[in-house]
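# Overview (structure and organization)
Take a look at the letters that make up each chain.
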Amino acid sequence: MDLNSKPAALGHEAKNINKRAPYTYRLIPPKITSSSSIATSYFCLHCNFHELSKKYPEFRHAWDELKNRQRQQQRQQQQHHSFNASLTKSLLHHHFGISMPSLPPGRLCPPVPNRANYVCWIRQLIKEQVQECKEEAESFGATCRKNSTINHQGIDIGTGVSAIYPLLLSSELFSKSEEFCELDGCGGQEHGASEGNTWKFLATDVDPVAVASASMNVEANQLKDQIEVIQVAELTETSHSHEGTKVADGRGSKISPEFPKGPLFTAMEESKKVTMFRKPNLRGANENIPANLANYPKFDFVMTNPPFYSTLKEATDFRAGDGRSRTDMSANECVYRPDMRAFDINLGGASIEIEEDIEGVSSEGIGNNSKCKTVEEPGGDVGFVTAIMNDSQFFRHHITWYSSLVAKRSSLTLILQRLQALEGVWGNRGQVRMVEFRQGNGEDTMDDSDRKNSYNPRSRWGVAWTYERAVGRCRACRVRGGLQSFDVWISSREFQVDNSVDLTSDMIKQSFDGDLIDQKNSNTHDNIQKACKEITNRLTSYYESHAMKCVSQMRNRSSFDIDGQERKSVKSHKDSLCITATEAPLQNYIGSDSQQSDLNHNYNLPIEGHFLIDTFVECHGEPANGNMRVQVNLEMYCHTKHGQNVLDKIRGQMPGEVGRTNRRWRRILKKAPHQSAT
């Protein structure tokens, strides 16, 4: 089969290319939510060299040559590129229906599984954010937030000779426009069904050879109306500066620091010239946006595979581990080193306090209230991502997710330190995502026991951040370690119900099996109501003693379990009695977005604050011994380190305080066994 044959319509024929499911994807959340925990993105792409060699003569020829060289123990970089290129072309065409006629030597040949893994993760980020916003709107009876709309536009910085990212994103296996349309009802209606559901991408590069090759691949797949490949100018010290550019910081203040414009700024400048990118009316939604920024298109994400090395010597030396030569690629693809000194926020990564009024920040420097300094920027992937961070300060209303591939764990650590100090993000866990990419040649039926031996140990990492305020019940902020539920055994003599607790009979009925009422006498029914009221009263008193505001309501348990997997049990979707606890300064958590937290002036926290606790109370009837078991299930969400500290303290004391089994309550009950302390 000709690898360069043009598919009739990319993605539509991909369904019938291979009967086997082309890939298996799974995003595994970290076991414990903390600042150092990382999710794992598993991607398995079935790859059988014998199948490919029968179908693609070009690959069979390159494979035979590789086996001959291995027998002769020859190492020739040019011939290695021939095999890698034929393998990439075969996999793309076999599994995704993508033709790639141009992969010239001397340029990076992308590994398909890793690139597809990154694309799946981006899709997951967008879908989760939209779903969370809609779930929050349904719970509060409010309208969807602005960030629940999908714009169906993305940017690939440094697309290379292959343009593999926009090509994979354009395939139906990944974009699945009907799936996004179901999530983004308002976006599809605003722009029309056909236009609103078609993804469009901007692909940029500084290398004219890469731009010409990428354009050829886009044309081969008949995607010129969806992918725009543009050559951007290389950054120079004299022509690129943020001086004089103003941006809204979300509260009306204008900041205009002077530091070099980065790769994102050049891409956004070019996007204004492309007519196919929609330009929403941002000024109507946010009057704080200056006029010079209101004309840029709005994108759902930006993604990049940055240069990993700081010097050319580092990029060309043989690998330290096995002595193999480095991957064949150009200097632009492998090396990034800023030529100038750049403005950066607290390179050490420690948290900084930024005053409510940032008038001290100007083109001349930083005010006394901020720990900022001017230093020489590092190169490689850390320097490249830092440059995008600086640019993102100006386009926080234009791009939802900023993301990058990262080569080393040490680089990821440095980037996360900088995100801790990035104004508007400050390392809020709902606004930052990090992931470890793991790839392998696995089957759809592969279980967890086989995964350790199947996946390639050579990992890459990904990082993403957003300026959109996270929802309180953000899945990435779900606390997964420690106490998640506990039982309280209560007898009728302990019922000391506070009538001020507003619980209706219907709310009580739904907190246990409804058939139980018909099977038991009225006395049991009364005891069940009193037990639920008593435990609810204890929980409310306990939360309020920690300066928290409580709201009692009927709501569903989270549709995702603690491991991030969707619940299958019907009972788990049943409404249960829930006490939602939030910080007292943010007690009206159904209020407007203007409410802010005073701690560290972190105004971009969720409306609920640094943390949120959903406490579900479920009664399981009256055993023969006269005691009733009331189960307390916790769903906790933590957005900052401060919130984590508060939750750790609350969880440690809660079973003893609510169950009245700790030392303090044993002393109280010993003195007055039939009375309840206030």
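The model shown is predicted, which means the values in this text are computed figures rather than measured ones.

## Here's the deal with the overall build of the protein chain
When helices and strands are tallied, the protein chain shows 21 helices and 18 strands. By residue count, 55% of the 678 residues in the protein chain fall in the buried class. Long-range contacts, defined as pairs at least 24 residues apart, comprise 78% of the intrachain contacts of the protein chain with a sequence gap of at least 6.

## Some remarks on the pattern of salt bridges
Summed over the entire model, instances satisfying the criterion amount to 14 salt bridges. The partner of Glu 270 in a salt bridge is Lys 273, and the shortest N-O contact between them spans 3.6 Å. Linked by salt bridges that have partners in common, Glu 534, Arg 538 and Arg 660 make up one network.

## Quick word on the environment of Glu 228
Relative to the helices and strands, Glu 228 resides in strand β5 (residues 227–231). Accessibility expressed as a relative area gives 27% for Glu 228, which makes it partly exposed. In contact with Glu 228, not counting residues within four places along its chain, are Phe 201, Leu 202, Ala 203, Val 274, Met 276 and Phe 277.

## So, empty space enclosed by the protein
The tally for this structure, following the rule as stated, stands at seven cavities of 30 Å³ or more. Taken as a whole, the second largest cavity spans an internal volume of roughly 80 Å³. Residues of the lining of the second largest cavity, tallied by class, amount to six nonpolar, four polar and four charged.

## Notes on the sheet that holds strand β14 (residues 485–491)
If you trace the five strands from one edge of the open sheet to the other, you get β14-β18-β17-β16-β15, paired in antiparallel fashion. Since the sheet does not close on itself, it has two edges, and those belong to β14 and β15 (548–556), each with one partner. Taken over all neighbouring pairs, the strand axes of this sheet differ in orientation by 25° on average, direction set aside. Where strand β16 (residues 575–583) and strand β17 (residues 611–619) come together, five bridges link them in antiparallel fashion.

## Side note on the sheet that holds strand β11 (residues 399–406)
Taken together, nine strands build an open sheet; the order of strands is β1-β2-β12-β13-β11-β8-β3-β4-β5 and the sheet is mixed. The two strands at the open ends of the sheet, each matched to only one other strand, are β1 (23–28) and β5. Taking the axes of each pair of neighbouring strands and ignoring which way they run, one obtains an average angle of 20° across the sheet. Pairing analysis gives five bridges linking β11 to strand β13 (residues 460–465), with the strands arranged antiparallel. Bridging from a neighbouring strand, Ser 404 pairs with Val 463 of β13.

## What about the side chain of Arg 469?
Mapped onto the secondary structure, Arg 469 falls in the loop between β13 and β14. Engagement of the side chain of Arg 469 in a polar contact is seen with the backbone oxygen of Leu 605, the distance being 2.8 Å.

## What to know about the side chain of Gln 129
Looking at where Gln 129 falls in the secondary structure, it is placed in helix α4 (residues 112–140). Exposure remark for Gln 129: the relative accessible area of 10% places this residue in the buried category. A distance of 2.6 Å separates the side chain of Gln 129 from the side chain of Trp 401, its partner in a polar contact.

## Remarks on the packing of aromatic side chains
Per the counting criterion, the structure on display carries 21 aromatic pairs. Each ring, one from Tyr 23 and one from Phe 43, has its centre 5.3 Å from the other, and the planes form 15°; the classification is stacked. One end of the pair, Tyr 23, is in strand β1; the other, Phe 43, is in strand β2 (residues 39–45), with 20 residues separating them in the sequence. Just as Tyr 23 is buried, Phe 43 falls in that class too.

## A closer look at a positive patch on the surface
A surface patch of positive charge is lined by Arg 663, Arg 666, Arg 667 and Lys 671. Considering the arrangement of structural elements, one finds Arg 666 in helix α21 (residues 663–671).

## Focus: the pairing of strand β4 (residues 200–205)
Among the six residues that make up β4, six are buried, leaving the element largely enclosed by the rest of the structure. Burial of the side chains of β4 extends over both faces: Lys 200, Leu 202 and Thr 204 are buried on one face and Phe 201, Ala 203 and Asp 205 on the other. Bridge analysis of β4 against β5 gives five bridges, and the strand direction is parallel. Following the sheet pairing, Phe 201 is matched in β5 by Ile 227. The handedness of the β4 to β5 crossover, carried by helix α9 (residues 208–220), is right-handed.

## Let's talk about helix α15 (residues 409–421)
With 13 residues, α15 extends 19 Å between its outermost C-alpha atoms, agreeing within 8% with the 18 Å of an ideal straight helix rising 1.5 Å per residue. Taken together, the buried positions of α15 are Ser 411, Leu 412, Ile 415, Leu 416, Arg 418, Leu 419 and Ala 421.

## Examining the environment of Tyr 56
Note that Tyr 56 resides in the loop between α1 (49–55) and α2 (57–72). Between the alpha carbons of Tyr 56 and His 93 there is a distance of 9.8 Å; along the sequence they are 37 residues apart. Polar contacts involving the side chain of Tyr 56 include one to the main-chain amide nitrogen of His 94, which spans 3.2 Å.

## With respect to unusual backbone geometry
Notably, His 152 is not glycine yet its phi reads approximately 60°, a positive angle. On the secondary structure map, His 152 appears in the loop between α4 and β3 (153–157). Phi at Arg 660 takes a positive value of approximately 55°, unusual for a residue other than glycine. Position of Arg 660 among the secondary structure elements: in the loop between α20 (641–659) and α21. The exposure class assigned to Arg 660 is buried, which follows from its relative accessible area of 12%.

## As for the nonpolar core
By size, the foremost hydrophobic cluster in this structure holds 62 residues, and its most contacted members are Leu 92, Phe 96, Tyr 118, Trp 121, Leu 168, Phe 301 and Met 303. The element contributing the most residues to this core is α4, with ten residues. Once residues within four sequence positions are removed from consideration, Trp 121 is found in contact with Tyr 25, Leu 27, Ser 41, Ser 403, Arg 433, Met 434, Val 435, Phe 437, Gly 462, Val 463 and Ala 464. In terms of nonpolar packing, the next biggest core, distinct from the first, is built from 40 residues, Phe 277, Leu 293, Leu 422 and Tyr 467 among them.

## Regarding the environment of Met 329
Locating Met 329 in the fold gives a position in the loop between α12 (312–316) and α13 (331–334). Each C-alpha atom of the pair Met 329 and Cys 109 lies 7.8 Å from the other, and the pair is 220 residues apart in sequence. Every residue in contact with Met 329, bar those within four places of it in the chain, is listed here: Gly 106, Arg 107, Leu 108, Tyr 309 and Cys 334.

## Examining the packing of helix α14 (residues 380–392) against α15
Between α14 and α15, whose axes approach to 9 Å, the crossing angle comes to 25°. One finds that α14 runs roughly parallel with respect to α15. Of the two possible hands of crossing, α14 and α15 adopt the one that is right-handed. Of the residues in α15, those in contact with Asp 381, Val 382, Val 385, Thr 386 and Met 389 of α14 are Ser 411, Leu 414, Ile 415, Arg 418 and Leu 419. Residues belonging to the contact of α14 with α15 are distributed by class as follows: six nonpolar, two polar and two charged.

The rules we used
Residues numbered from 1 in each chain as written. Predicted model: local features only at pLDDT ≥ 70, side-chain atom pairs only at ≥ 80, totals over all residues. Heavy atoms only, no water. Helix = DSSP H or I, 4+ residues; strand = E, 2+ residues; numbered from the N terminus. Buried < 20%, exposed > 50% of the residue type's maximum accessible area, 1.4 Å probe, protein only. Contact = heavy atoms within 4.5 Å. Salt bridge = Lys/Arg side-chain N within 4 Å of Asp/Glu carboxyl O. 1 Å grid on protein atoms, 1.4 Å probe; cavity = no way out; pocket = protein on both sides within 12 Å on 5 of 7 lines; lining within 4 Å. Points joined across faces, edges and corners; volume = space filled by probe spheres on them. Nonpolar A, V, L, I, M, F, W, Y, C, P; charged D, E, K, R; others polar. Pairing = 2+ DSSP bridges. Axes fitted to C-alpha atoms, helices over the stretch in contact; angles between N-to-C directions. Polar contact = N/O pair within 3.5 Å; in protein donor to acceptor, adjacent residues only side chain to side chain. Phe/Tyr/Trp six-rings, centres within 6.5 Å; stacked < 30°, edge-to-face > 60°. Patch = residues over 30% accessible without salt bridge, like charges linked within 9 Å, V, L, I, M, F, W, Y side chains within 5 Å. Areas by Shrake-Rupley, 256 points an atom, 1.4 Å probe, with all protein chains shown as cover. Lys, Arg positive; Asp, Glu negative; His and termini not counted. Charge placed at Lys NZ, Arg CZ, Asp CG, Glu CD. Right-handed = clockwise from strand over helix to strand, strands pointing away. Expected span 1.5 Å × (residues − 1). Core = buried A, V, L, I, M, F, W, Y, C linked by side-chain atoms within 4.5 Å. Parallel < 35°, antiparallel > 145°, perpendicular 65-115°, else oblique. Left-handed = near helix turned anticlockwise from the far one by under 90°.

As far as function goes, none of this settles anything; it's purely spatial.
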